[in-house]
Protein chains: 2
Amino acid sequence: MIKEITLQELNTSDFINTKIEDIRKAVGDGIAINALSGGVDSSTVTMLGHKALGERLKTVFIENGLMRAGESEQVVGFFRELGVVVDVVDAQKEFFVALKGITDPEEKREAITQTFYRNVFGRIVRESGAKFLLQGTILTDVDETVAGIKRQHNVFEQLGIDPQEAFGYRILEPLIQLRKDGVRKVGKALGLPSELFDRIPFPGPALSARVIGEVTMERIGTVRKATVVVERILKNTGAFQYMAILHEDRVTGMRDGKRDFGQQIEIRCWESVDARTATPTRLSFEILEQLAQGIISEVPGIVSVTYNIATKPPSTIEAI
Amino acid sequence: MIKEITLQELNTSDFINTKIEDIRKAVGDGIAINALSGGVDSSTVTMLGHKALGERLKTVFIENGLMRAGESEQVVGFFRELGVVVDVVDAQKEFFVALKGITDPEEKREAITQTFYRNVFGRIVRESGAKFLLQGTILTDVDETVAGIKRQHNVFEQLGIDPQEAFGYRILEPLIQLRKDGVRKVGKALGLPSELFDRIPFPGPALSARVIGEVTMERIGTVRKATVVVERILKNTGAFQYMAILHEDRVTGMRDGKRDFGQQIEIRCWESVDARTATPTRLSFEILEQLAQGIISEVPGIVSVTYNIATKPPSTIEAI
């Protein structure tokens, strides 16, 4: 039974000092490793680990080729300014090879998870010689696993490390007593920049969740360009979340005065408090027309743009 | 060279009397046949032929299974009130068999054309004993064939009738000197009801043009139900054209609190003068929300609804 620390109970400087001590005690003169995604949880755990261990924490950012434009540079830049060195590992090829030919959303997610843990991060952990793995698990993750919403994973099994053979591996989860609001408070106290907290929710499988059908480097490139337009135009709406989705269906368009099949981008922009229910933002037609024109002029191959008008439920926030 | 009769030159009662005489002279004591689609051209030619030949004109309405809800009943009803008997031929099965497994839009169109002429109407013509075929060809059709926009078709070849073997078949095209505006004027003078002229443009391949991917009876049933909602809610907008399109892409939805893949309907509503360029109608969000809610509650299997926001070009009015 994990003892929750509520936002009211949380004293950030006490919490940070305690966790730094815990990490130092656990790791001793060994080395630890963690994977940074740029989300609030992994960013906060990176800062805690850095304060505890300095250069004996190895932080990697795995470039899976599915990120938004400039995302890895931005995240690595934030940490560079805080004096934290992040190793960027280019694993794009491995992810696209694993995703080749897969159209089923669950199989896509599984291919990404497998590639991340077993192939890429697993290899990095083994090669690093680190025996301590820092993870940004929070109490909500534990609850969701108990409730069956998230699958229970033995992280070592995921990493392809047999704990029997490779004795001594240990996972450290310093945020496990907190919920999201507590993590945000700790992250801010650790000096993380506000841009990191202000980013709209973004799914684990990144842009692959925004591509209906097969995920290829070319199709990710298309939805990435559309995402730039959508985030630029909608960033000041105050909406809960907004996204561009590349469809697999081909629709007729005109190119040089001739009929030609092209691709369609669907835009979703949501009003929501907790993501459990959501309604489409009532954007003005001026903004809708800016979105359509921006995408058509900046994203090659797109001849059609739609705006989602269905609520959740029965829709979901993401399309896949 | 066909001599055009412009709207200014057109004297409808003279035109009607002349054409009635021409048809009577040509057919003599034989019988004629025509296929009624419910469009302005075929409706006008049906009335002209009926006035000329009475019961010696056999008019058939081929139920291809791709029509909108109540469409065949409505068209046949209009003519019944005008004293014209129309034979409804149920050929739904033949069309769906021909469309099975076809996803390419051009191949779909070809399958419908082939089934219509060669299989269904060709058989009816041969069995009827009629040697005279009344067609609603207008001058614009001729121009478009000359310009290469429409394909040149030998109608007898299309019908599977060899003019060498089956001597004596003849096509009558009484509207060939008119354009659309002239046909409308003649049709009104012949007593056709205004509902026939007020209907929004509808493509030749009917609802099959509103289904991305394979056309099955079930998928036509889905887009037919969505079309009822869209036409009901948008009929007083004064828009040039509006439609529901069933996508092939599956998107995530919630059914009974669980993730479940469902289908998506795209709505398009256009402002246009001549269909060459068009912009999406700036519908209010009240109407967009009514559309989404109506479709979700009345059309089984739909979890997502979008509204087109791209202009033509680069989009086209129809999706396929």
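Rules of the game
Residues numbered from 1 in each chain as written. Chains lettered and ligands numbered in written order. Predicted model: local features only at pLDDT ≥ 70, side-chain atom pairs only at ≥ 80, totals over all residues. Heavy atoms only, no water. Helix = DSSP H or I, 4+ residues; strand = E, 2+ residues; numbered from the N terminus. Rg over C-alpha atoms; globule rule 2.2 N^0.38 Å. Buried < 20%, exposed > 50% of the residue type's maximum accessible area, 1.4 Å probe, protein only. Contact = heavy atoms within 4.5 Å. Areas by Shrake-Rupley, 256 points an atom, 1.4 Å probe, with all protein chains shown as cover. Lys, Arg positive; Asp, Glu negative; His and termini not counted. Charge placed at Lys NZ, Arg CZ, Asp CG, Glu CD. Pairing = 2+ DSSP bridges. Axes fitted to C-alpha atoms, helices over the stretch in contact; angles between N-to-C directions. pLDDT = per-residue confidence, 0-100. Least-squares fit on C-alpha atoms with pLDDT ≥ 70 in both. Buried area = accessible area lost by both parts, 1.4 Å probe. Salt bridge = Lys/Arg side-chain N within 4 Å of Asp/Glu carboxyl O. Polar contact = N/O pair within 3.5 Å; in protein donor to acceptor, adjacent residues only side chain to side chain. Parallel < 35°, antiparallel > 145°, perpendicular 65-115°, else oblique. Nonpolar A, V, L, I, M, F, W, Y, C, P; charged D, E, K, R; others polar.

Observations concerning the overall build of chain A
Looking only at helices and strands, one finds 11 helices and 9 strands in chain A. For 320 residues, the compact-globule estimate of 2.2 N^0.38 gives 20 Å, and the C-alpha radius of gyration of chain A, at 21 Å, lies within 12% of that figure. With respect to the principal axes defined by its C-alpha atoms, chain A has extents near 70 × 40 × 40 Å. Relative to its 320 residues, chain A shows a buried fraction of 53%. A separation of at least 24 residues holds for 76% of the contacts in chain A among residues at least 6 apart in sequence. A total accessible area of about 14,700 Å² is found for chain A, and carbon and sulfur atoms account for 50% of it. Taking the 40 positively charged and 44 negatively charged side chains of chain A as two groups, their mean positions are separated by 1 Å.

Regarding the sheet that holds strand 1 (residues 32-35) of chain A
Strands pair in a sheet through their backbones, by hydrogen bonds, and they do so in one of two ways: parallel or antiparallel. Residue and element names in this part refer to chain A. Reading across the sheet, the 5 strands line up as 3-2-1-4-5 and stay open at both edges, with parallel pairing between neighbours. The open sheet terminates on both sides in strands that have one partner only, identified here as strand 3 (86-90) and strand 5 (170-172). Averaged over all neighbouring strand pairs, the angle between strand axes comes to 30 degrees, with direction disregarded. Bridge count between strand 1 and strand 4 (residues 132-134): 2 bridges; the pairing is parallel. Residue pairing in the sheet places Ala32 in a bridge with Phe132 of strand 4.

A few points about the confidence of the model for chain A
The predicted coordinates should not be examined in detail at positions where pLDDT is low. For chain A, mean pLDDT is 91; residues scoring 70 or higher make up 94% of the total. Interface predicted TM-score (ipTM) for the complex: 0.87; the corresponding pTM is 0.88.

Digging into the relation of the copies chain B and chain A
By a simple turn and slide, chain B fits onto chain A: the slide is 0.0 Å along the axis, the RMSD is 0.1 Å, and the turn is 180 degrees. These values place the two chain copies in the arrangement generated by a two-fold rotation axis. Nearest to the rotation axis, the C-alpha of Tyr307(B) is located 2.6 Å from it, this being the minimum over chain B. Mapped onto chain A, 100% of the interface residues of chain B are again interface residues, and the two copies thus contact each other with one and the same surface.

Some points on the interface of chain B and chain A
Taken together, the contact pairs 42 residues of chain B with 43 residues of chain A. Carbon and sulfur atoms make up 57% of the area that chain B and chain A hide from each other, which totals about 3,600 Å². Between chain B and chain A we count 4 salt bridges in total. Between Arg282(B) and Glu286(A) there is a salt bridge; the shortest N-O distance is 3.1 Å. Between chain B and chain A we count 24 residue pairs in polar contact (both at pLDDT 80 or more) in total. Of all elements in the fold, only helix 5 (105-128), strand 6 (241-255), strand 7 (258-271), helix 11 (285-298) and strand 9 (302-308) of chain B reach the threshold of two or more residues within the side of chain B that touches chain A. Among the elements that make up the side of chain B that touches chain A, the one with the highest residue count is strand 6 of chain B (8 residues). Judged from the 3 bridges that link them, strand 9 (residues 302-308) of chain A and strand 9 of chain B form a sheet pairing that is antiparallel.

Digging into the environment of Arg123(A)
All names here are of chain A. Mapped onto the elements of the fold, Arg123 is located in helix 5 (residues 105-128). In this structure Arg123 comes out as partly exposed when scored by relative accessible area, which is 30%. When the C-alpha atoms of Arg123 and Phe240 are compared, they prove to be 37 Å apart, with 117 residues separating the residues in sequence. At 3.5 Å, the side chain of Arg123 forms a polar contact with the backbone oxygen of Asn119.

As for the side chain of Ser72(B)
All names here are of chain B. Note that Ser72 resides in helix 3 (residues 71-81). Within the local environment of Ser72, its side chain forms a polar contact with the side chain of Glu73, the two groups lying 3.2 Å apart. Ignoring anything within four residues of it in the chain, the contact list for Ser72 reads Phe61 and Glu63.

A short note on unusual backbone geometry
Along the chain, Lys312(A) connects to Pro313(A) via a cis peptide bond; the corresponding omega equals -15 degrees. Examined against the element boundaries, Pro313(A) turns out to sit in the segment after strand 9. Positive phi is not limited to glycine here, since Ala206(A) has a value of about 55 degrees. Along the polypeptide, Ala206(A) turns up in the loop between helix 9 (194-198) and helix 10 (217-234). Judged by its relative accessible area of 3%, Ala206(A) falls in the buried class. The phi torsion at Ala275(B) lies on the positive side, around 70 degrees, for a residue other than glycine. Here Ala275(B) lies in the loop between strand 7 and strand 8 (279-280).

Thoughts on the side chain of His247(B)
Mapping His247(B) onto the fold places it in strand 6. In contact with His247(B), not counting residues within four places along its chain, are His247(A), Asp249(A), Gln264(A), Ile212(B), Arg219(B), Gln263(B), Gln264(B) and Glu266(B).

Concerning the packing of helix 1 (residues 12-27) of chain A against helix 8 (residues 180-189) of chain A
All names here are of chain A. At a minimum axis distance of 10 Å, the contact between helix 1 and helix 8 shows a crossing angle of 80 degrees. The angle between helix 1 and helix 8 falls in the class roughly perpendicular. Taking contact as the criterion, the partners of Thr12, Phe15 and Ile16 in helix 1 are, on helix 8, Lys185, Val186 and Ala189. Looking at the contact of helix 1 with helix 8 residue by residue, the class counts come to 4 nonpolar, 1 polar and 1 charged.

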